[in-house]
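A structural walkthrough
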Amino acid sequence: MIPMRARPVITLTTDFGLSDHFVGVMKGVIFGICPAAEVIDISHGVQPFDIVDGAFTIAQAYRYFPKKTIHVVVVDPGVGSARRPLLAEMAGQYFIAPDNGVLSIVFAREAPVRVRHITADKYFLHPVSRTFHGRDVFSPVAAHLAAGATPAQFGKRVEDYIRASFDKPAHTGKRSWTGTILKADHFGNLATNFHIDEFPSIQTHAFSLNAGLQKITRLALTFSECAPGELFAIVGSSGYLELASSEGSAAKALGCGAGSPVELTIY
Amino acid sequence: MIPMRARPVITLTTDFGLSDHFVGVMKGVIFGICPAAEVIDISHGVQPFDIVDGAFTIAQAYRYFPKKTIHVVVVDPGVGSARRPLLAEMAGQYFIAPDNGVLSIVFAREAPVRVRHITADKYFLHPVSRTFHGRDVFSPVAAHLAAGATPAQFGKRVEDYIRASFDKPAHTGKRSWTGTILKADHFGNLATNFHIDEFPSIQTHAFSLNAGLQKITRLALTFSECAPGELFAIVGSSGYLELASSEGSAAKALGCGAGSPVELTIY
Amino acid sequence: MIPMRARPVITLTTDFGLSDHFVGVMKGVIFGICPAAEVIDISHGVQPFDIVDGAFTIAQAYRYFPKKTIHVVVVDPGVGSARRPLLAEMAGQYFIAPDNGVLSIVFAREAPVRVRHITADKYFLHPVSRTFHGRDVFSPVAAHLAAGATPAQFGKRVEDYIRASFDKPAHTGKRSWTGTILKADHFGNLATNFHIDEFPSIQTHAFSLNAGLQKITRLALTFSECAPGELFAIVGSSGYLELASSEGSAAKALGCGAGSPVELTIY
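Residues numbered from 1 in each chain as written. Chains lettered and ligands numbered in written order. Predicted model: local features only at pLDDT ≥ 70, side-chain atom pairs only at ≥ 80, totals over all residues. Heavy atoms only, no water.

1. Digging into the interface of chain C and chain B
Put simply, the rule is: What makes two residues a contact is simply this: any of their non-hydrogen atoms within 4.5 Å. Accessible area that two parts lose when put together, with a 1.4 Å probe and added across both, is what the buried area reports. Each reported salt bridge corresponds to a side-chain nitrogen of Lys or Arg within 4 Å of a carboxyl oxygen of Asp or Glu. Here a polar contact is taken to be a pair of N or O atoms separated by no more than 3.5 Å, where protein atoms must pair a possible hydrogen donor with a possible acceptor and residues adjacent in sequence count only if both atoms sit in side chains. Runs of E in the DSSP output that reach at least two residues are strands. Runs of H or I that reach at least four are helices, and both are numbered from the N terminus. Amino acid classes used here: Ala, Val, Leu, Ile, Met, Phe, Trp, Tyr, Cys and Pro are nonpolar; Asp, Glu, Lys and Arg are charged; the rest, including Gly, are polar.
Taken together, the contact pairs 36 residues of chain C with 36 residues of chain B. When chain C packs against chain B, the two sides together hide about 2,900 Å² of surface, and 65% of this comes from carbon and sulfur. On inspection of chain C and its partner chain B, the count reaches two salt bridges. Of the charged contacts in the structure, one is a salt bridge between Asp20 of chain C and Lys183 of chain B, with a shortest N-O distance of 3.8 Å. Summed over the shared surface of chain C and chain B, the result is ten residue pairs in polar contact (both at pLDDT 80 or more). Among the elements that take part in the side of chain C that touches chain B, helix 1 (residues 22-33) of chain C stands out by supplying nine residues, more than any other. For the side of chain C that touches chain B, a count of residues per class yields 19 nonpolar, eleven polar and six charged.

2. Thoughts on the relation of the copies chain C and chain B
Selection rule: Here the copies are superposed with least squares, the fitted atoms being C-alpha atoms of residues at a pLDDT of at least 70 in both.
Least-squares fitting of chain C to chain B yields an RMSD of 0.0 Å, with the superposition described by an axial translation of 0.0 Å and a rotation of 120°. Accordingly, the operation relating the two chain copies is best matched by a three-fold axis. Of the interface residues in chain C, just 14% have counterparts in chain B that sit at the interface too, so the contact is made through distinct surfaces.

3. Quick look at empty space enclosed by the protein
Condition: The way it works is a 1 Å grid over only the protein atoms, where trapped points that fit a 1.4 Å probe form a cavity and open points with protein on both sides within 12 Å along at least five of seven lines form a pocket, and then any residue with an atom within 4 Å of a point lines it. Grid points are joined across faces, edges and corners, and a volume is the space filled by probe spheres set on the points.
Summed over all chains, the structure comprises five cavities of 30 Å³ or more. Each pocket or cavity is described by its volume, and for the largest cavity that value is around 670 Å³. Around the largest cavity, the lining is made up of 38 residues, and of these Lys27 and Asp41 of chain A, Asp41 of chain B together with Lys27 and Asp41 of chain C lie nearest the centre. Listing elements by their share of the lining of the largest cavity, those giving two or more residues are helix 1 (22-33) and strand 2 (38-43) of chain A, helix 1 (22-33) and strand 2 (38-43) of chain B together with helix 1 and strand 2 (38-43) of chain C. By residue class, the composition of the lining of the largest cavity is 18 nonpolar, nine polar and eleven charged.

4. Some thoughts on unusual backbone geometry
At the junction of His126 of chain A and Pro127 of chain A, the peptide bond is cis and its omega measures out at -5° in the coordinates. Relative to the helices and strands, Pro127 of chain A is located in the loop between strand 6 (114-117) and helix 4 (133-146). Unusually for a residue other than glycine, Phe49 of chain B sits at a positive phi of about 65°. Mapping Phe49 of chain B onto the fold places it in the loop between strand 2 and helix 2 (51-61). Unusually for a residue other than glycine, Glu247 of chain C sits at a positive phi of about 50°. With respect to the element layout, Glu247 of chain C can be found in the loop between strand 14 (240-245) and helix 5 (250-254).

Written out as structure tokens, the structure is:
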């Protein structure tokens, strides 16, 4: 019997939505292999096939989980093709995902990183379908890892995994940058790829953030200090600058969403 | 090792939605502190910033949970401001929520009620953000309580917490009242703030409920006894009168939603 | 204390959605009776009152769960009427559902099947409401079964339970059939009721699938081999033929959804 303290935690981040049986089936597979697992949904609302959204979602979440947590990230437009399944070790945790860049933001932040190409198909669910590797590859691998298999048992180390750099704004002038909106959240707040650690001066200098057809010049500390409907910037809970509107949707007010450009000028 | 029987139950009720990482991160924080916790989602579909909807959601749910359950309710338009985080003991259970009225319906039903202002910031996640107290304050407090801290360790008792009375219809005539629709549920049923315990006579007297531009005079016992599309009233599973339409949406048929007025006359 | 290996698994499949307190309350009831239970959501996104959608959802999921799993399926337009609650044993698992055909696809696949009419109301939550048997009947029965009650304790065996046959295409010509779209999934893929086990020849013969106003003649092995926007057929992860569009929505492209007809001709 496994003592409570040792219950392994597996998280799921996918673009599968919650209207179908997909997520439930992944959990069925996991519990069939590792009944002691604690499975936690990070989100299944990643935009379909949107690797940037998936990358941003797991990047905002993983640090809040215990050591040895196993994160399964399935945003996988290439399912059934030759793209490799990966098992990465970083930050004292495990990450299982297709090799398509969806772990890029975590890769950029953590060192050391050890990445393996998962090839040990004895850990897969057979027959392996060509359309649902969340069920047939990623979930059973996570469950076997949780049940005690070691990373090396799943495959050899690789170095040529995909690292995309969609989270860095481009320098476009002496004091100006062009960034991107990474995500419109449930409240309509717009998370940009400007991270406060890299742009600390907006806390002490005048600045403008241009998005949609509007210019935002206020950095607020809290939502509640602003007038309802006012547009402002705020440092989000993960450190990214967000465009927000108190008790309203900045996404609607600006007509912006994931992928929209944002111009930052610091004076 | 904690025996099974003692697994502490923590519930979550928020307006965070399920498309972002917010709820998953709260669970990560909880499991990091109290790995034995059983975390149950009541709903994350509370309308954004809607304290009445949050109050109604937790009020309909808490009685169905075991003694000592810890309910975390985060509908928190004032996050980052001076509004207090509260820990309430009532009905043999614990409630952790901002002091903004979101526990009002539970307060109105239960006695005795013991409420504390949570001030022991050693139980918080540091640095405490100004925008995500669900992660930094409410979740870790719930987890520490689940792990064995006593209520008194979190702060001193207060009496001046906010009790709103949005759940009582107004008496407008000898036999007439104006109530409110508290919620349109997933099926389009419209829950009103008329509770059968306070209006038992509608079961034995003729009545009319006016909403939208329609008058409803039938009290049904079951959905299936009514013709498809027929509008009727029914005592909902929590005791509130609901306006409903068999295999259809009363919300659509009446053009009503949360906040819409309902006139009751009993003849 | 129950050892980890023995944690009973209960799954939930409903049309309750996730915006209300319904699902959370079902879990509260279950944990109050059987604290050791592991409750897994298969889906709460079954279309409201849609028995075919519910039948298809559980049919695609149950095989991926461990032996002795207890599946609770509540799509129940007849709640409060005389329709019977059932407890079925098949495939080494348990199924608890209203007697309205929602288990039909599982019944058709499995043998032997043992079905009981649940009558032992001592296992219900009292007072039993007329509108929420998910809370008052199905959940507590599942929890008592998980906690050790035997199937025979819930009621006597019956043979006249409802078996619908909505999952079989109609033979309309020597080499042609009319089928139905069972479901549009989260990605807009359209699952038909043509199962590859019954129509293996489409893998080796030319064929056409007519849906909307379009004719589909390609059977793809993977999504990624097709051009973005191309319409094709593919064997879904549960064996049903699906109409799909790579990185796009076939449902939108064809203007089809659940219930739409599909004509198959094999040449």
